[in-house]
Amino acid sequence: MKKIIQSSLLFCGFLSSCFAVESKESLAKNSKAINNKKLSEALISNNQPFLHKYLDSKNIDSRDKNNNTLLHKAIELGHEHAIALLLNKKANVNALNNKNKTPLHIAAKKGNTKVVISLLANKAKVNAKTNKNKTALHYAAQKGNKDIVATLLSQGADITAFDRFARTPMHTAIENNQIEVMQMLEKYAQTLAKNPGKTNQNEDN
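Remember, it's a predicted structure, so these values are computed and weren't measured experimentally.

Trainee: Would you take a moment to explain the nonpolar core for this structure?
Mentor: Among soluble globular proteins, nonpolar side chains are generally buried collectively. If you look at the biggest cluster of nonpolar residues, it comprises 42 residues, and the most contacted ones within it are Leu71, Leu119 and Leu152. Those elements giving two or more residues to this core turn out to be helix H1 (2–44), helix H3 (70–77), helix H4 (80–88), helix H5 (103–110), helix H6 (113–121), helix H7 (136–143), helix H8 (146–154) and helix H10 (179–194). Not counting residues within four places of it along the chain, the set of residues in contact with Leu71 comprises Ile83, Leu86, Leu87, Ala91, Asn92, Val93, Pro103 and Leu119.

Quick look at the structure:
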């Protein structure tokens, strides 16, 4: 009988320790989820004091269900102070969301020249491609943003990059009737043709 009781007690102790471990893990997960949710809410509401206080290296690249980081969201929302804060705290400028979009793709699409420059200064990959093989230059050409096009070209953007439908940035500019961008790209192509060995030190693959 003693052996049965001892065995039962040992088993109960084992179960208790298992539940304790599981409980701690659950709590940690819930705590992380709550923190991420609060950070996201603070970003959306542009709650700068909260972001200054709680952003750190552990949560700087928190993601939502679509794999957007806080930097993706801040650029989408146009919250420039939050963008500057995230970059200052070394947020991942090359993070990919579910559509393989980097923060640079979003900045180019939104037409935010200042943010494009800041991202490139922080080593954003100028020729990164989305799941549709679009580069930031495709988006800038589509929107007809000459300043962003010029900035991207100065950093080695590939004018021959094909998207999923075999369209280059030039094709995209033509389709969207962006005459001035077409002229810019044509002039740049002519310059490259005259200097075939010309490369840019910031160009990435």
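Picking up where we left off.
Trainee: Help me understand the packing of H8 against H10 in this model?
Mentor: Axes are the key here: two packed helices are described by the angle between their axes and the distance separating the axes. Contact geometry of H8 with H10 gives a least axis separation of 10 Å together with a crossing angle of 20°. The orientation of H8 relative to H10 falls into the category roughly parallel. At the point where H8 passes H10, the crossing takes the right-handed sense. For the pair H8 and H10, the contacting residues are Lys146, Val149, Ala150 and Leu153 in the first and Glu180, Val181, Met184, Leu185 and Tyr188 in the second.

Trainee: Explain the packing of H3 against H4 here, please?
Mentor: For the pair H3 and H4, interaxial distance at closest approach is 8 Å and the crossing angle is 155°. By the angle class used here, H3 and H4 are roughly antiparallel. Here H3 and H4 pass one another in a crossing that is left-handed. Contact with H3, carried on its side by Leu70, Leu71, Ala74 and Ile75, involves Ala82, Ile83, Leu86 and Leu87 of H4 and no other residues of that element. Grouping the constituent residues of the contact of H3 with H4 by class yields eight nonpolar, no polar and no charged.

Trainee: So what exactly am I meant to see when it comes to the packing of aromatic side chains here?
Mentor: What characterises a pair of aromatic rings is the spacing of the ring centres plus the angle enclosed by the ring planes. Evaluation of the coordinates by the stated rule reveals one aromatic pair. Both rings, one in Phe50 and one in Tyr54, keep their centres 4.5 Å apart while their planes meet at 40°; by these two values the pair is tilted. In this pair, Phe50 and Tyr54 both sit in helix H2 (residues 48–54), four residues apart, roughly one turn of the helix. For Tyr54, a relative accessible area of 39% gives the class partly exposed. Positioned above the aromatic ring of Tyr139 is the side chain of Lys134, whose terminal nitrogen or guanidinium carbon lies 6.0 Å from the ring centre.

Trainee: I keep staring at the pattern of salt bridges and nothing clicks. Help me out?
Mentor: Any two side chains of opposite charge can pair, given that their charged atoms come close. Scanning the entire structure with this criterion turns up seven salt bridges. The partner of Asp163 in a salt bridge is Arg167, and the shortest N-O contact between them spans 3.0 Å. Here the salt bridges do not stand alone but share partners, grouping Lys134, Asp163, Arg167 and Glu175 into one network.

Trainee: Whenever I open this one, the side chain of Asp163 confuses me. Can you help?
Mentor: Tracing the backbone shows Asp163 in the loop between H8 and helix H9 (169–175). Within the local environment of Asp163, its side chain forms a polar contact with the backbone nitrogen of Phe165, the two atoms lying 2.8 Å apart. Beyond its immediate stretch of four places on either side in the chain, Asp163 contacts Lys132, Asn133, Lys134 and His138.

Trainee: How do you make sense of the side chain of Asn112 when you look at a structure like this?
Mentor: Looking at the element boundaries, Asn112 is found in the loop between H5 and H6. Looking at Asn112, the relative accessible area reads 14%, which means it is buried. Within polar-contact distance, the side chain of Asn112 engages the backbone nitrogen of Val115 at 3.2 Å. Discounting residues that sit within four places of it in the chain, Asn112 has contacts with Glu80, Ala107 and Ile148.

Trainee: I tried to follow the environment of Asn94 on my own but got confused; where do I start?
Mentor: In this fold, Asn94 is placed in the loop between H4 and H5. For Asn94, a relative accessible area of 22% corresponds to the partly exposed category. C-alpha of Asn94 to C-alpha of Asn122: the two residues are 28 residues apart in sequence and 9.7 Å apart in space. With near-sequence residues (within four places) excluded, Asn94 lies in contact with Thr102, Lys123, Ala124 and Lys125. Separated by 2.8 Å, the side chain of Asn94 and the backbone nitrogen of Lys125 make a polar contact.

Definitions and cut-offs
- Residues numbered from 1 in each chain as written.
- Predicted model: local features only at pLDDT ≥ 70, side-chain atom pairs only at ≥ 80, totals over all residues.
- Heavy atoms only, no water.
- Core = buried A, V, L, I, M, F, W, Y, C linked by side-chain atoms within 4.5 Å.
- Buried < 20%, exposed > 50% of the residue type's maximum accessible area, 1.4 Å probe, protein only.
- Helix = DSSP H or I, 4+ residues; strand = E, 2+ residues; numbered from the N terminus.
- Contact = heavy atoms within 4.5 Å.
- Axes fitted to C-alpha atoms, helices over the stretch in contact; angles between N-to-C directions.
- Parallel < 35°, antiparallel > 145°, perpendicular 65-115°, else oblique.
- Left-handed = near helix turned anticlockwise from the far one by under 90°.
- Nonpolar A, V, L, I, M, F, W, Y, C, P; charged D, E, K, R; others polar.
- Phe/Tyr/Trp six-rings, centres within 6.5 Å; stacked < 30°, edge-to-face > 60°.
- Lys NZ or Arg CZ within 6 Å of the ring centre and 35° of its normal.
- Salt bridge = Lys/Arg side-chain N within 4 Å of Asp/Glu carboxyl O.
- Polar contact = N/O pair within 3.5 Å; in protein donor to acceptor, adjacent residues only side chain to side chain.

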